[in-house]
Amino acid sequence: MFSQHSGMSEKGRLQTQGLLRLRQDNRQTGKKVLVSDEDEHFLVHGFYHLRHFSCDSPVRFMMYSQASDAFISLHSDNTVSLFKSKLRKQALMGELPFLGLTATNIPGWIIGWGPGPIFTLLDSELRHLDTADDALDICLCEPAEHSWELVTAGVGNVCVWSVLLMRCKLKIQEGLQQHRTFTQLTLAPPQKDRPHRAFVAWGKVVTVVDLDGGMVLDHMEDLCSSDITAMLFCIQLDCLIIASQDLSITVWGPDWVPHVTFLGHKDVVNSLFYCSKSNLLISCSADCTIRCWDVENSMAVDCVYTEQSKPPLCLGGTKNGHPCFSFSAKGVDLWILTAWYTLHSKLRGDEGVPLKQILVSHFPPSYPTRVVCVSADGRILLVSASTGAVLTYFKPEDRIICADYCLHKELLLALTEEGTLLQASTLTNPATLIQEWEGRGQGPWQHTECGTKRDAWNLPVPGPACCLVLYSSVTDPQTALEKWKSLREGKGCSQRNNRYVDNFKNKFWIIIGQRGGCVSVLTVDDGKVLCRTPAHNGQSVTAMQVYPKNNFLLTSGEDFTLVVWRVHPDSAVYLSQQQTVECGQPQVHLAALELQLALTFQDPYSGSYGIKLFNLQSQKQLNYQQNNAHLDSLTGVCEIPGPKVFVSSSLDKTVRIWNERNRLIWVQQLVAVPQCIAYSGNGELFLGIKGDLYRMEFAQFLPKKYRQKFSYNCFEDPLSDLPVPEIEETHDQTDMSNCKTEKLPKAICRNQVLSVNVQQDKEQLSIRDLDRKALKGIVNCPKETKQIRKEAFDCYMGKLYGLPPCKKIGPEEDFEEFLFNTKTHLFQSHYFPKLKEDTVPQSKQDIHVNVQKYK
């Protein structure tokens, strides 16, 4: 199916081939999503056909117009057709004799080009606006990713065009053979050490052109053994992808080192398209197939067979890939590229370190939603659930086995392999270690803890902690919210003064499970042991799960039992055993939904894996359907309260959803193993895949009766994505510099802020720090008050910019207008120091006009 130049095991090849066969076998099952609410839904990454449009005249070119929200096709008889997103076709009046159309980065402007020296500007209705008179021969045209320019290639030339001026800025002919007709063109945006480049292909040769310097950089003649049939530069992966007549697709790295070669098409590959949202490469071929490839993981993902009489000639689509188009000699087809899960945050995948735990903080919309990720090497990362930005991280010297997060106190709680509890503040980046507790809950039993002295002698001595959870009882939410906001505003300088957020109404406890069969309750602030309770017949505790809303705790032990505990936040008893469930097998993953428990199970006879639902009230057990069970061990189980379903992930690369009757209702086939799983609380799941955090959207594809039961939370909060102040890194933390907020990769997450904005934020923070230092020299305030802060600000703005004291800004006033007036004053003092008052601009339009005059 593919060959990786760095080598790949036979097991990997068999898994890839089996995955393709599985998806082909379930192609018809996947279509049930639109027609059935009772059968299980099997969904995979890949192409799904939407509709076919027959055409009277063959299509010679097709593009997507964002202004028209439609695909525009040019036909051999010069007619034009529009294909709307609502799956309807609309013919346009008139004819366009162009060879092709290209949408510019200027909204509503389209360029019609070729054949020959034709370069024409059109509006969104394809009406003529302007024509360039200095064009050379044009056969290919591509828009620049980073500017409003277009790049064309023709017989013996490559040109750079200014769309605004409608003239050719740069003509490159030297170094290009005069009669060479280029058949492929793709562009690479400029980077720090590389200029804006164009790759043009003719035969087996790829020519690299410097579009900034206007020169030919190189002729690559040994890349392919046969003529090139399709070529694409992938910006996300910084690689050049080439398809040739030998039916191969090769991915070339920046240094012209082949990364992977995909094999599978049985005829010439006509076109390539990369979908940035799903991170999949799409290829269409004359063998009547469309194939999807995972370039980053070197895997074949999907294969779709089209009609034998309509082999696709070309494909393309929007930047996010919804929908895509392909056209053949007999018509146009629209497709949807499914992306059921996408990369949310780039964490440790490049280093090959898997994730072992994901925790999501579920709080009211007043609080931001955070995701805690624990990697296998002990690093803990705190990620924003809305943007995917890494807010801070914590890397202790000892290896971490599990962790939890107290949002109200901005504290990370971690447990080392030796049983030491660590407490770190998340108000700094990286997180600052505050306290370290050893041996909590250990030591011989006292007769007051377990009944009599005889019982104390017979029980094993509790050993080190092996798992922990955080229990929070917030019955005074207003006080907790105010304390948290005060803690955030202090930015860590008053951590110790404000850490006592709990009072007689709000309580925060650490509950640990220990070796030797013991469960202990500790305070968060000082680690004081409040109580110890014997558990699991003296056998070690293996897993814990707490549910503060219902005040109960689940623990499983090596004695193959699961114990349900009642938590008493307002009593001196703290914990009391309610029920014991015989599991018969060790439990590593636990989940509960009201009175139902989800227990993992392995059938020793069939070798299948699944979950069993146990009802605490009726004492009844619901077994899973063996034909729907997982094929390998489970890696995680979580509950979804709204529709009352459970989710399980497995080493068989699937995620399955089970209803309250333990019937399988949804299956998601992945291209990699889900290492851990957690519910986001917003109709989505967070997955750990190859060390990175992925986000899976599934709620909208469930049956209607389940979708209506979802309750969606609001992720937006003004404090959710504030940058965490950085502190000086130690030597062992330098390898995590890529996890800082301002140094995140561009592909880190959905809705990520552009890197240029991140750089601007960094510069603004630096300026703000300098301003604060300057302010300290101007104003000496022994005790900070609102009036002192206002006076300090007035003095600061007056000395630096000559501004008068600002008026009081109340909630009823327009703050944006105040900012505009302030910026206008600064702008005037900088650009118009000698202008009279009657010539000072009073509006944004006047400022724009004066800037032009000033220049």
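Quick caveat, the model's predicted, so the values are computed rather than measured. (Residues numbered from 1 in each chain as written. Predicted model: local features only at pLDDT ≥ 70, side-chain atom pairs only at ≥ 80, totals over all residues. Heavy atoms only, no water.)

A.B. asks: Pulling in residues and values, what's your account of the pairing of strand β34 (residues 380-384)?
C.D. replies: Of all the 5 residues making up β34, 5 are buried; the element is thus mostly covered by neighbouring parts of the structure. By the alternation rule, side chains of β34 split into Ile 380, Leu 382 and Ser 384 and Leu 381 and Val 383, which are all buried. Pairing between strand β33 (residues 370-375) and β34: 5 bridges, direction antiparallel. Bridging from a neighbouring strand, Val 374 pairs with Ile 380 of β34. Of the pairings in the sheet, the one linking β34 to strand β35 (residues 390-394) comprises 4 bridges and is antiparallel in character. Note that in β35 the partner of Leu 382 across the bridge is Thr 392. Joining the antiparallel neighbours β34 and β35 is a turn of 5 residues, in which Gly 388 adopts a positive phi near 85 degrees. (Buried < 20%, exposed > 50% of the residue type's maximum accessible area, 1.4 Å probe, protein only. Helix = DSSP H or I, 4+ residues; strand = E, 2+ residues; numbered from the N terminus. Pairing = 2+ DSSP bridges.)

A.B. asks: If you had to explain the UniProt feature "repeat: WD" (unreviewed entry) in the protein to someone new, which residues and values would you point to?
C.D. replies: The sites that carry the UniProt feature "repeat: WD" (unreviewed entry) are, in the present numbering, residues 262-303, 534-575 and 627-659. Between the end C-alpha atoms of residues 627-659 the distance is 16 Å, and the span holds 0% helix and 55% strand. (UniProt positions renumbered as here; feature names shortened; annotations may be inferred.)

A.B. asks: Tell me about the packing of aromatic side chains, and name the residues and values.
C.D. replies: Enumeration according to the criterion identifies 14 aromatic pairs in this entry. For the ring pair Phe 199 and Phe 233, a centre distance of 5.7 Å and an interplane angle of 10 degrees mean the geometry is stacked. Placement of Phe 199 in strand β17 (residues 197-202) and of Phe 233 in strand β20 (residues 228-234) is noted, with a sequence separation of 34 residues between them. Consider the rings of Phe 199 and Trp 256, whose centres lie 6.1 Å apart with planes at 75 degrees: the pair is edge-to-face. Of this pair, Phe 199 sits in strand β17 while Trp 256 is found in the loop between β22 (248-252) and β23 (258-263), placing the two residues 57 residues apart along the sequence. Residue classification places Trp 256 among the partly exposed residues on the basis of a relative accessible area of 24%. Every member of this aromatic cluster is reached through a ring pair, and the members are Tyr 64, Phe 71 and Phe 325. Sitting over the ring of Trp 445, Arg 532 keeps its end group 4.9 Å from the ring centre. For Lys 612, the ring lying beneath its charged end belongs to Phe 601, and the centroid distance is 3.4 Å. (Phe/Tyr/Trp six-rings, centres within 6.5 Å; stacked < 30°, edge-to-face > 60°. Lys NZ or Arg CZ within 6 Å of the ring centre and 35° of its normal.)

A.B. asks: So what's going on with the side chain of Asn 506? Residues and values would help.
C.D. replies: Topologically, Asn 506 is positioned in strand β41 (residues 506-514). When its relative accessible area of 0% is taken as the criterion, Asn 506 is described as buried. In terms of polar contacts, Asn 506 uses its side chain to reach the backbone amide nitrogen of Thr 475, at 3.0 Å. One polar contact links the side chain of Asn 506 to the main-chain amide nitrogen of Asp 476, over a distance of 2.8 Å. Other than its neighbours up to four places away in sequence, Asn 506 contacts Ser 473, Val 474, Thr 475, Asp 476, Thr 479 and Ala 480. (Polar contact = N/O pair within 3.5 Å; in protein donor to acceptor, adjacent residues only side chain to side chain. Contact = heavy atoms within 4.5 Å.)

A.B. asks: Go over the environment of Glu 594 with me, naming the residues and quoting the values.
C.D. replies: Relative to the helices and strands, Glu 594 resides in the loop between β48 (590-593) and β49 (596-602). As a C-alpha pair, Glu 594 and Pro 641 span 47 residues in sequence and 8.5 Å in three-dimensional space. Residues contacting Glu 594, with those up to four places away along its chain left out, are Phe 552 and Lys 644.

A.B. asks: Break down the side chain of Arg 194 for me, with residues and values.
C.D. replies: Checked against the element boundaries, Arg 194 lands in the loop between β16 (184-188) and β17. Residue classification places Arg 194 among the buried positions, given a relative accessible area of 18%. Polar side-chain contacts of Arg 194 include one of 2.4 Å to the side chain of Gln 191.

A.B. asks: Please give an account of the sheet that holds strand β32 (residues 355-360) that cites residues and values.
C.D. replies: Taken together, the 4 strands give an open sheet; going across it, the order is β32-β33-β34-β35, and neighbouring strands pair in antiparallel fashion. Among the strands making up the open sheet, the edge pair consists of β32 and β35. Sheet twist, expressed as the mean angle between neighbouring strand axes with direction ignored, is 20 degrees. For β32 and β33, the ladder comprises 5 bridges, and the chain directions are antiparallel. Residue pairing for β33: Val 360 is matched across the bridge by Val 371. (Axes fitted to C-alpha atoms, helices over the stretch in contact; angles between N-to-C directions.)

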